[in-house]
Amino acid sequence: MPARPTRRLLALAAAACFAAWSGPADAADEVNLYSSRHYDSDRALYEEFTRETGIRVRLIEGDADQLIERIRNEGANSPADVFITVDAARLARAASAGILAPLRSPVIEQRIPEGLRDRDGQWFAVSTRARVVMYDKEKGAPQGLARYEDLADPRFRGQICVRTASHPYNTSLGASILAANGPERTEEWAKGFAANLARPPQGGDRDQFRAIPSGQCGLAIANTYYLAAIGASERAEDKALFARIGVIFPNQAPGDRGAHVNISGAGLVKTAPNRAAAVRFLEYLTSGPAQERFALGNMEYPAVADAPLHPALRAMGSFRPEPVDAERTNANATQALQIMQRAGWR
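The structure contained in this document is the topic of the report that follows. (Residues numbered from 1 in each chain as written. Predicted model: local features only at pLDDT ≥ 70, side-chain atom pairs only at ≥ 80, totals over all residues. Heavy atoms only, no water.)

1. Thoughts on the nonpolar core
Residues Phe-83, Met-134, Leu-151, Phe-209 and Phe-281 are the most contacted members of the largest nonpolar core, which totals 108 residues. Among the elements that make up this core, the one with the highest residue count is helix H6 (residues 168-195) (nine residues). Leave out the neighbours within four places in its chain, and Leu-151 touches Val-133, Leu-145, Ile-160, Trp-189, Gly-192, Phe-193, Asn-196, Leu-219 and Ile-221. (Core = buried A, V, L, I, M, F, W, Y, C linked by side-chain atoms within 4.5 Å. Buried < 20%, exposed > 50% of the residue type's maximum accessible area, 1.4 Å probe, protein only. Helix = DSSP H or I, 4+ residues; strand = E, 2+ residues; numbered from the N terminus. Contact = heavy atoms within 4.5 Å.)

Laid out in structure tokens, this is it:
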């Protein structure tokens, strides 16, 4: 993958970009961003916003649930202007916690499709990523695997590599399956899925498909942008791995629900002290330069239709996504996780 700066260099860059001023800034000249995204490309995006507008970005990073609770505890005195997180359920959770404000912006509503916006205007998607099944092209595409539901088939016994069920990526996938099939069928599916694991769940998404060439597993569950990052690398071993890994976008048959996608999204904090700057920042996230940064800098699918797509993602092929329903995902998340863990997917 592209070389990443060292932790020390990142710290210095962050200090230079986000805190290189003395004394209190004019409220109109700053926006306080609470974010659970931790990508170098996002920091570059914030730098571009500051250069274009003169508005400084104060960045607070952390776990999404912890940031939600922090904003709640800070109450009316919270410095938070904008909340950004990955995972639709977390966005719905932020809205239900009462920390986000409805925002009606013609810019956002024109740029972001209705299906990627909260109906009350409390959040909108800035990018998406698909959760797919990956396999070894050298062994050929697995027969009889076209849906997430097929992953419970005994023919795939001992083949699946996946991270823990409690990770939001998997919990949201489980919530999607629960919404589609109900608790009894989801319980059956989870038991079959757990019986097909090649090893105890461990590591991150990259660890799953990296284990395919060695034969540790025949199938991996991972998000598209992790594999795309390998495809964008200049390292010969990464290029070879990308060329070897095949991708199945599940549930694509006519009438089926489509491949599960999750979103990164943003919302205006209800108590934002710098509302005008915050709205300008949120609208900037839908702009061409920002969407290009999400797409080409972090290999995500942009939320705006006319934004470019990274060649590594394009090489995986097109697909039909499952409609995003953040409220339903959040409502089903706890039960879905309980079902998956009860089945042995821990």
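2. Quick notes on the packing of H6 against helix H13 (residues 326-342)
Where H6 contacts H13, the axes come no closer than 7 Å and their chain directions differ by 60°. Here H13 runs oblique to H6, going by the angle between their axes. Where H6 crosses over H13, the two elements pack in a sense that is left-handed. Note on element contacts: H13 touches H6 through Arg-328, Thr-329, Asn-332, Ala-333, Gln-335, Ala-336, Leu-337, Ile-339, Met-340 and Arg-342, opposite Asn-170, Thr-171, Ser-172, Gly-174, Ala-175, Leu-178, Ala-179, Pro-183, Thr-186, Glu-187 and Ala-190. Classifying every residue of the contact of H6 with H13 by side-chain character gives 10 nonpolar, eight polar and three charged. (Axes fitted to C-alpha atoms, helices over the stretch in contact; angles between N-to-C directions. Parallel < 35°, antiparallel > 145°, perpendicular 65-115°, else oblique. Left-handed = near helix turned anticlockwise from the far one by under 90°. Nonpolar A, V, L, I, M, F, W, Y, C, P; charged D, E, K, R; others polar.)

3. As for the layout of surface pockets
Space left empty within the atom packing is revealed by a probe, the size of a water molecule, rolled over the atoms. In this model, the second largest pocket occupies a volume close to 310 Å³. Along the walls of the second largest pocket sit 19 residues, with Thr-128, Tyr-301, Pro-302, Phe-319 and Pro-321 positioned nearest its centre. Per-class residue counts for the lining of the second largest pocket are 14 nonpolar, four polar and one charged. (1 Å grid on protein atoms, 1.4 Å probe; cavity = no way out; pocket = protein on both sides within 12 Å on 5 of 7 lines; lining within 4 Å. Points joined across faces, edges and corners; volume = space filled by probe spheres on them.)

4. Considering the pattern of salt bridges
For the coordinates displayed, the defined rule picks out 27 salt bridges. Between Asp-205 and Arg-131 there is a salt bridge, with the nearest N and O atoms lying 2.8 Å from each other. With Asp-205 in helix H7 (residues 205-210) and Arg-131 in strand S4 (residues 124-136), the pair connects residues that are 74 residues apart, well separated along the chain. Its relative accessible area of 1% is what places Asp-205 among the buried residues. Measuring nitrogen to oxygen at the nearest pair gives 3.8 Å for the salt bridge that ties Arg-235 to Asp-238. Taken together, the shared-partner salt bridges in this structure form one network comprising Arg-147, Glu-149, Asp-256, Arg-257 and Glu-322. (Salt bridge = Lys/Arg side-chain N within 4 Å of Asp/Glu carboxyl O.)

5. What to know about the side chain of His-310
Mapped onto the elements, His-310 comes out in the loop between strand S9 (301-302) and helix H12 (311-316). From its side chain, His-310 meets the backbone nitrogen of Ala-312 in a polar contact 3.0 Å long. For His-310, the contacting residues outside a window of four places in its chain are Ala-232, Ala-295, Leu-296 and Met-299. (Polar contact = N/O pair within 3.5 Å; in protein donor to acceptor, adjacent residues only side chain to side chain.)

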